[in-house]
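For reference, the chains in residue letters:
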Amino acid sequence: AGVIFVVIKLNDYSAQVDSSQFNNSTWFILIGFSAIYGLANIILAVAWSNLLDYFGATTKQLWVLKTYGLTQLAKYVPGNIMHLASRQSMGLAEGIPGWTLAKSSIWEVCLISLAGSCFIVLVIPVYLQAYSITTYLLMYVFFVLCLILALRGIFDKHIARAFALYIVFLSISGMIFVGLLVLLGGIVLSSISTIVLVFGAFIIAWTIGVLTPGAPAGLGVREFILLFILNGVISETDLLLTILLSRVVTVSGDVFCFLLAAALSKYPQKLKSVH
């Protein structure tokens, strides 16, 4: 069902894009961004593996990659629920206790929320220009480092590592969105303050969208948040087209991750779990 939904949405998105304004190099870059986003899902899988380790289930990395990749598209139907249920089902089938799987999913949601909230510091200049953009960047780095150390001290290295991996994944997602906006001429690379603002705004919008129940992968929510934060900062035409293309990239990336996991599934490898 997730695959069918994704195909339909990709068709809808492509119909809204005027392909005549893009040359071959532009499409090549878009494909590259999609592949990067798809591969970045491996970071999420490794983070989940760390959470499973923390709760006592030692898993083979190959199994984790296959399971995470195969269930990613399920988040599109009915929306931000079925991918967790699918992972729960596949984990149970491999002998991992249900409560262990449930706790790993709960912690994943909480840590992604915490990681995404860190980027709020980067959009503060929209509403409060009390300090330079460099100061806000330093505040962000200091805040993240403090959280990593706190999580390691309160829990252990697995939780701290998972949180750090979520920060890395979100950063890659934000850089892709900025790259799309630069590609379309919406901003220039010399506009550091604007780039940082767009970077932070996308990550916040992505996080809120993914965590919104009933919205397939944050469909509609992410777009609304971006338009709200970046209104007046980026021209509406450039922003809307970039948002549309970012949807094409992220959905295509999830499909790429799914196909990669499907290819890996041809190489069966039983996991070893410690209960």
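Small disclaimer: the values here were computed from a predicted structure and weren't measured. (Residues numbered from 1 in each chain as written. Predicted model: local features only at pLDDT ≥ 70, side-chain atom pairs only at ≥ 80, totals over all residues. Heavy atoms only, no water.)

1. Quick notes on the nonpolar core
(1) Moving on: Within the largest apolar cluster, 69 residues are counted, with the highest numbers of intra-cluster contacts made by Phe119, Phe163 and Tyr166.
(2) Moving on: Those elements that place two or more of their residues in this core are α2 (24-54), α3 (61-72), α5 (98-118), α6 (133-154), α7 (157-183), α8 (192-211), α9 (221-230) and α10 (236-264).
(3) Moving on: Residue contributions to this core peak at 15 residues, all from α7.
(4) Moving on: Those residues within four positions of Tyr166 in sequence are excluded, and the remaining contacts are Leu44, Ala47, Trp48, Leu51, Glu108, Leu111, Ile112 and Ala115. (Core = buried A, V, L, I, M, F, W, Y, C linked by side-chain atoms within 4.5 Å. Buried < 20%, exposed > 50% of the residue type's maximum accessible area, 1.4 Å probe, protein only. Helix = DSSP H or I, 4+ residues; strand = E, 2+ residues; numbered from the N terminus. Contact = heavy atoms within 4.5 Å.)

2. Focus on the packing of aromatic side chains
(1) Moving on: Applying the stated rule across the entire model yields 12 aromatic pairs.
(2) Moving on: Consider the rings of Trp48 and Tyr68, whose centres lie 6.0 Å apart with planes at 55°: the pair is tilted. You can see Trp48 sitting in helix α2 and its partner Tyr68 sitting in helix α3, a full 20 residues away along the chain.
(3) Moving on: Trp48 gets classed as buried once you look at its relative accessible area, which sits at 1%.
(4) Moving on: What makes Tyr68 buried here is its relative accessible area of 3%. (Phe/Tyr/Trp six-rings, centres within 6.5 Å; stacked < 30°, edge-to-face > 60°.)

3. So, α9
(1) Moving on: Residues of α9 that are buried: Arg222, Glu223, Ile225, Leu226, Ile229 and Leu230. Considered in projection along α9, the buried side chains sweep an arc of 165° and stay on one side of the axis. The exposed set on the far side of α9, more than 90 degrees from its buried face, consists of Phe224 and Phe228.
(2) Moving on: Tucked into the core, α9 has its buried residues touching α7, α8 and α10.
(3) Moving on: Downstream of α9 by one or two residues, Gly232 has phi in the positive range, about 90°. (Arc of directions from axis to C-beta.)

4. Considering the pattern of salt bridges
(1) Moving on: For the coordinates displayed, the defined rule picks out 1 salt bridge.
(2) Moving on: The partner of Arg87 in a salt bridge is Glu108, with the nearest N and O atoms 2.9 Å apart. In this pair, Arg87 is assigned in helix α4 (residues 82-93) and Glu108 in helix α5, connecting sequence segments 21 residues apart.
(3) Moving on: The exposure class assigned to Arg87 is buried, which follows from its relative accessible area of 1%.
(4) Moving on: Taking relative accessible area as the criterion, Glu108 reaches 4% and is therefore assigned buried. (Salt bridge = Lys/Arg side-chain N within 4 Å of Asp/Glu carboxyl O.)

5. Some thoughts on a nonpolar patch on the surface
(1) Moving on: On the surface, a cluster of nonpolar side chains totalling about 510 Å² of accessible area is made up of Tyr127, Leu128, Phe224 and Phe228.
(2) Moving on: Checked against the element boundaries, Phe224 lands in helix α9.
(3) Moving on: Residue Phe224 is classed as exposed on the basis of its relative accessible area, which comes to 56%. (Patch = residues over 30% accessible without salt bridge, like charges linked within 9 Å, V, L, I, M, F, W, Y side chains within 5 Å. Areas by Shrake-Rupley, 256 points an atom, 1.4 Å probe, with all protein chains shown as cover.)

6. Digging into the environment of Gln88
(1) Moving on: You can see Gln88 is positioned in helix α4.
(2) Moving on: Ignoring anything within four residues of it in the chain, the contact list for Gln88 reads Gly98, Leu101 and Ala102.
(3) Moving on: Within the structure, the side chain of Gln88 is placed 3.3 Å from the backbone nitrogen of Ala102, a separation counted as a polar contact. (Polar contact = N/O pair within 3.5 Å; in protein donor to acceptor, adjacent residues only side chain to side chain.)

7. A few points about the confidence of the model for the protein
(1) Moving on: Residues at a pLDDT of 70 or more form 84% of the protein, whose mean pLDDT is 83.
(2) Moving on: The least confident element of the protein, judged by mean pLDDT, is helix α1 (residues 2-16) at 63; the most confident is α7 at 94.
(3) Moving on: In this model, residues 270-275 is a region of pLDDT below 50 whose contacts with residues beyond four sequence positions or in other chains number 19 contacts. (pLDDT = per-residue confidence, 0-100.)

8. Considerations on the packing of α3 against α4
(1) Moving on: Relative orientation of the contacting elements α3 and α4 amounts to 145°, with a least axis distance of 9 Å. In terms of crossing hand, the pair formed by α3 and α4 is right-handed. Of α4, the residues touching α3 (which contributes Trp63, Thr67, Tyr68, Leu70, Thr71 and Gln72) are His83, Ser86, Arg87, Met90 and Gly91.
(2) Moving on: Of the residues assigned to the contact of α3 with α4, the class counts are 4 nonpolar, 6 polar and 1 charged. (Axes fitted to C-alpha atoms, helices over the stretch in contact; angles between N-to-C directions. Left-handed = near helix turned anticlockwise from the far one by under 90°. Nonpolar A, V, L, I, M, F, W, Y, C, P; charged D, E, K, R; others polar.)

9. Some words on the packing of α2 against α10
(1) Moving on: α10 packs onto α2 with a crossing angle of 55° between their chain directions and a minimal axis gap of 7 Å. With respect to each other, α2 and α10 are oriented oblique. The chirality of how α2 crosses α10 is right-handed. Between α2, through Leu30, Phe33, Ser34, Ala35, Tyr37, Gly38, Leu39, Asn41 and Ile42, and α10, the contact on the second element is made entirely by Leu245, Val248, Val249, Thr250, Ser252, Gly253, Asp254, Phe256, Cys257 and Leu260.
(2) Moving on: Taken together, the residues of the contact of α2 with α10 sort by class into 12 nonpolar, 6 polar and 1 charged. (Parallel < 35°, antiparallel > 145°, perpendicular 65-115°, else oblique.)

10. Here's the deal with the side chain of Thr71
(1) Moving on: Looking at the secondary structure, you find Thr71 in helix α3.
(2) Moving on: Among the polar contacts made by the side chain of Thr71, one reaches the main-chain carbonyl oxygen of Tyr68 at a distance of 3.2 Å.
(3) Moving on: With near-sequence residues (within four places) excluded, Thr71 lies in contact with His83, Ser86, Arg87 and Met90.

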